[in-house]
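# Observations on the model geometry
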Amino acid sequence: MSIVTEPTKPVATLPLDDAHVGNIDDYRANSLWRLTFRRLFRQRSALIGLILLAILLISAVFAPLIAPYDPEKPLIGIEAVGKREGPCIHILGCPSDRPQHIMGIDGNFRDVFSRIIYGTRVSLYVGLLTVGFAVITGTLLGAIAGFFGGWADNVIMRVLDVVLAFPFLLLAIAIVSVLGPGLTNAMLAIAIISVPAYARVTRASVLSVREMAFIEASRALGASNWHILFGRILPNSLPPLIVVATLGIATAILDTAALSFIGLGAQPPTPEWGSMLAIERNQVFSAPHLVFFPGLAIMTTVLAFNLLGDGLRDALDPRLVQGGAPK
Amino acid sequence: MTQYTIRRLIAAIPVIVGVLIVTFLLARAIPGEPCTAMFGEKATPAICATFNAEKGLDKPLSTQFVIFARDMLRGDFGESIRFKRPVLEILIERLPQTIELGVTAVLIAVSVGIPLGIISALRRNSPLDVITMIGANIGVSMPVFWLGLMLAYVFALLLKDTPFQLPPSGRLSPGVNPIPFYEVYGWQITAGTFRAGLADFLSKFYIFNSIITGNWAVLGDAIRHLILPAVALATIPLAIIARMTRSSMLEVLGQDYVRTAKAKGLRQRAVVMKHAFRNALLPIVTIIGLQFGLVLSGAILTETIFGLAGVGRSLYEAITARDYPIIQGFVVVIAIGYVLVNLLVDLSYAVLDPRVQLD
């Protein structure tokens, strides 16, 4: 990032005459978020992530319009298709008298492409909801631990250490076994095991923000603990949390797919990519398209969030953020 | 350092106790009785009552926990409900396979990931760097189970009858029988003793066992079976390690002392390896340590796909079959192993960087 090396005039040395102070809007114009967005769009990989994400969002929202067939209803009696038939694409030489199925037919005579498109809905829903739950819980716990310290800190962090002492998938399997298999329970399990990550990030940034002068100022003005924590500290701890959460969506989608793969997540006939893969995994040698496309879909979605998360990290890096120096 | 190690080990005790409690409670919170899981349709109340009394499952939870914790401390892991064999025996049988797989995966990830990361950092923005980073991004986004299946498809089917054909399942080909090293050397070992257990445990590391007995046919076969699962398992850690190495190297390479070293006329190799890499190593080691947890989770999936009876798959099966003793024993051993790996990583900081004060 060239921004770091560019010599800029420190804000403090600006003469405090009316002309400069009057231009206070210039300072606001360069807010952290505006800078972040500008940097984000300048990075090629983050841009690719955003584009992929846009495509996924469009597929999810307009699934009924994009998908040519019903994702859950077998095509028996509707079309003459064979069980687990490979892809048939007209422009690639598939005879035009045969119905087009660009990703082939699955073991239940369903169009794989339609299922993949509808699967986008499931995956985005899983990613956003799981991380949403984990972020809220983790942030609360981490903020309380970091802000109040003492025994609250000790108890919360030690309990979370226990969660971290298990390999995550194992704990997720155990939790789902207790709650019973199903997509909602799988999501809950993944959310629970990702709470410690968010709690740690929040705690670390709360610890550093807590010591800053403006917090002392708030306190001097008589602000309550809760007001300082939620009104002052948490908003200033957001940047690292946003990065971790974006990358966390990728992990959550991947882990939920893994749980579905071992039969503990989404149940058939839900068009969920992990369970689509699981049902047909023994057919990998005879009908590889049934394994290939769901996996590719998972990978693309995870990749989109990973690229975006990495881009956000670079864009929000405090070492790259220049104060609000007027142009 | 000794003091630090002891302090860390003591600090790990509450975590291990927590793990014991959580494992114990989770195992019992799983709906369904071991009795019904065991006998299915035949589980009448009378049979279940005898069964529960025999396994101590009729006692109050707190009593059960005390007995469980006491046995654990003695190294007695109990007996599997399903297999009617000591849990320790099953662990000895299956742990080596998972360790072999996991360690191979981490070795692949480290030995490929670090050089890739270093070269990418040195040739920043070159085609090689761009390709490596694109590959790394795709690598971290790939589901292990999908990669495993696709690798099996490519190497067992598409490359069939070529020299690159690799077996898609199992640990050894049928008919290949490794002879335990203690039998080859003619050691007299009385069954049931600690020495017998240890010797048995070590001989289950097929690669190690075939090397020390000089059985090259078994070694080749074991390695061929290990390649696909290990590569599948190594991919995500490899990508993570390559990325971390690159960013850590880039940070160090930009520092003044590296420029000084170059200005002194040191060879590129010396500058990179002695001055830069050594200082870039700490974050890399941290991330490698974190990979062991990831590898253990991945092992559950990889073992399922490649038909390996390792710890991961056994645990998954034990959870479905409500085999409490296996769940508890395995999870506790894994958690302790995890705590120890983390400790080793922290200790290695002091070795790698003399400036690090452990206290």
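All of these numbers come straight from a predicted model, not from anything done at the bench.

Moving on, we get to the state of the cysteines. All names here are of chain A. Counted by the stated rule, this structure contains one disulfide over all chains. One disulfide bridge connects C88 with C94, the sulfur atoms lying 1.8 Å from each other. Residues C88 and C94 are joined by a disulfide whose S-S torsion is about -85°; by sign, that bridge is left-handed. Take C88 and C94: they sit in the same class, and that class is buried.

Core analysis: the largest hydrophobic core is formed by 167 residues, its most contacted members being A:I173, A:L259, A:F261 and B:F145. No other element matches the 15 residues that helix α13 (residues 289-316) of chain A contributes to this core. Judged by nonpolar contacts, the second largest core, of nine residues, contains A:A143, A:I215, A:I228 and A:I233.

Next up on the list: the environment of B:C48. All names here are of chain B. When you line up the elements, C48 lands in helix α3 (residues 45-55). Each C-alpha atom, one on C48 and one on A335, is 32 Å from the other, the two residues being 287 residues apart in sequence. Setting aside residues up to four positions removed in sequence, C48 forms contacts with C35 and A43.

So, on to the domain arrangement of chain B. All names here are of chain B. According to the domain assignment, chain B contains domain 1 (2-73) and domain 2 (101-175 + 226-320 + 335-352). Here domain 1 and domain 2 have C-alpha centroids that lie 35 Å from each other. In this complex, domain 1 contributes eight residues to the contact, which on the side of domain 2 involves nine residues. Each partner contributes to the roughly 720 Å² buried at the junction of domain 1 and domain 2, and carbon and sulfur atoms together form 80% of this total. Inspection of the region where domain 1 meets domain 2 yields zero salt bridges. At the boundary of domain 1 with domain 2, the tally comes to zero residue pairs in polar contact (both at pLDDT 80 or more). Considering only residue class, the side of domain 1 that touches domain 2 consists of six nonpolar, one polar and one charged.

We now examine the side chain of B:S248. Residues and elements named next belong to chain B. Here S248 is to be found in helix α11 (residues 216-253). Residue classification places S248 among the buried residues on the basis of a relative accessible area of 6%. Within the structure, the side chain of S248 is placed 2.7 Å from the backbone oxygen of A280, a separation counted as a polar contact. If we ignore the near neighbours within four places in the chain, the residues touching S248 are A280, P283 and I284.

The parts lose accessible area when they come together, and the size of an interface is often stated as this lost area. Taken together, the 37 residues of chain A in the interface contact 41 residues of chain B. Of the roughly 3,600 Å² buried between chain A and chain B, counting both surfaces, carbon and sulfur atoms make up 80%. It is A:L170, A:F285 and A:M299 that lose the most area in chain A upon contact with chain B, and together they represent 16% of the buried surface on that side. Along the contact surface separating chain A from chain B lie one salt bridge. Counting across the interface, chain A meets chain B through eight residue pairs in polar contact (both at pLDDT 80 or more).

With that settled, the discussion passes to unusual backbone geometry. Going from A:P268 to A:P269, the amide bond is cis rather than trans, its omega being 5°. Relative to the elements of secondary structure, A:P269 occurs in the loop between α11 (225-261) and α12 (273-279). For B:K84, which is not glycine, the phi dihedral falls at a positive 55°. Note on placement: B:K84 falls in the loop between α4 (61-73) and α5 (87-122). In this model, B:N125 sits at a positive phi of 70°, which is unusual for a non-glycine residue. The residue B:N125 is located in the loop between α5 and α6 (127-141) in this model.

Take the packing of aromatic side chains next. All names here are of chain B. Taken as a whole and assessed by the stated rule, the structure comprises 14 aromatic pairs over all chains. Centroid distance F201 to F205: 5.4 Å. Interplanar angle 90°. Geometry classified as edge-to-face. Grouping residues by exposure puts F201 and F205 together as buried. Put simply, the rings of F181, Y182, Y185, W187 and F208 pair up and form one aromatic cluster. Of note, R171 hangs over the ring of Y206, and the distance from its end group to the ring centre comes to 4.0 Å.

The next subject is the packing of helix α8 (residues 168-179) of chain A against helix α13 (residues 268-305) of chain B. The contact between α8(A) and α13(B) brings their axes to 7 Å, and the two run at 55°. The pairing of α8(A) with α13(B) is recorded here as oblique in orientation. Contact residues: α8(A) offers A:F168, A:L169, A:L170 and A:I173, while α13(B) offers B:L294, B:S297, B:I300 and B:L301. Residue composition of the contact of α8(A) with α13(B), grouped by class: seven nonpolar, one polar and no charged.

Another point: a nonpolar patch on the surface. All names here are of chain B. The grouping of I179, V184, Y185, W187, F194, L198, L202, F208, I211, I212 and W216 at the surface amounts to a nonpolar patch, some 1,100 Å² of accessible area in total. Looking at the nonpolar patch, the elements that each hand over two or more residues are α9 (194-203) and α10 (206-213). On the secondary structure map, W187 appears in the loop between α8 (181-184) and α9.

The next point concerns the packing of helix α6 (residues 112-148) of chain A against helix α9 (residues 183-210) of chain A. Describing two packed helices takes the angle between their axes plus the distance from one axis to the other. All names here are of chain A. Two elements in contact, α6 and α9, have axes separated by 5 Å at closest approach and are oriented at 40°. Relative to α9, the element α6 is oriented oblique. As α6 packs across α9, the resulting crossing turns out to be right-handed. Of the residues belonging to the contact of α6 with α9, the class tally is 22 nonpolar, eight polar and two charged.

What follows deals with helix α3 (residues 32-42) of chain A. Taken as a whole, α3(A) has its buried residues at A:L35, A:T36, A:R39 and A:L40. Angular distribution of buried residues about the axis of α3(A) spans 135°; they occupy a single face of the element.

The subject of this paragraph is the pattern of salt bridges. Summed over all chains, the structure comprises 18 salt bridges over all chains. In this structure, B:D200 engages B:K204 in a salt bridge whose closest nitrogen and oxygen atoms are separated by 3.4 Å. Overall, B:D200 belongs to the partly exposed group, its relative accessible area being 25%. The closest approach of N and O atoms between B:E317 and B:R313, which form a salt bridge, is 3.8 Å. Placement of both B:E317 and B:R313 in helix α14 (residues 311-320) is noted, with a separation of four residues, approximately one turn of the helix. Linked by salt bridges that have partners in common, A:D106, A:R110 and A:R115 make up one network.

Criteria and cut-off values
- Residues numbered from 1 in each chain as written.
- Chains lettered and ligands numbered in written order.
- Predicted model: local features only at pLDDT ≥ 70, side-chain atom pairs only at ≥ 80, totals over all residues.
- Heavy atoms only, no water.
- Disulfide = S-S within 2.5 Å.
- Buried < 20%, exposed > 50% of the residue type's maximum accessible area, 1.4 Å probe, protein only.
- Core = buried A, V, L, I, M, F, W, Y, C linked by side-chain atoms within 4.5 Å.
- Helix = DSSP H or I, 4+ residues; strand = E, 2+ residues; numbered from the N terminus.
- Contact = heavy atoms within 4.5 Å.
- Domains from an automatic or database assignment.
- Buried area = accessible area lost by both parts, 1.4 Å probe.
- Salt bridge = Lys/Arg side-chain N within 4 Å of Asp/Glu carboxyl O.
- Polar contact = N/O pair within 3.5 Å; in protein donor to acceptor, adjacent residues only side chain to side chain.
- Nonpolar A, V, L, I, M, F, W, Y, C, P; charged D, E, K, R; others polar.
- Phe/Tyr/Trp six-rings, centres within 6.5 Å; stacked < 30°, edge-to-face > 60°.
- Lys NZ or Arg CZ within 6 Å of the ring centre and 35° of its normal.
- Axes fitted to C-alpha atoms, helices over the stretch in contact; angles between N-to-C directions.
- Parallel < 35°, antiparallel > 145°, perpendicular 65-115°, else oblique.
- Patch = residues over 30% accessible without salt bridge, like charges linked within 9 Å, V, L, I, M, F, W, Y side chains within 5 Å.
- Areas by Shrake-Rupley, 256 points an atom, 1.4 Å probe, with all protein chains shown as cover.
- Left-handed = near helix turned anticlockwise from the far one by under 90°.
- Arc of directions from axis to C-beta.

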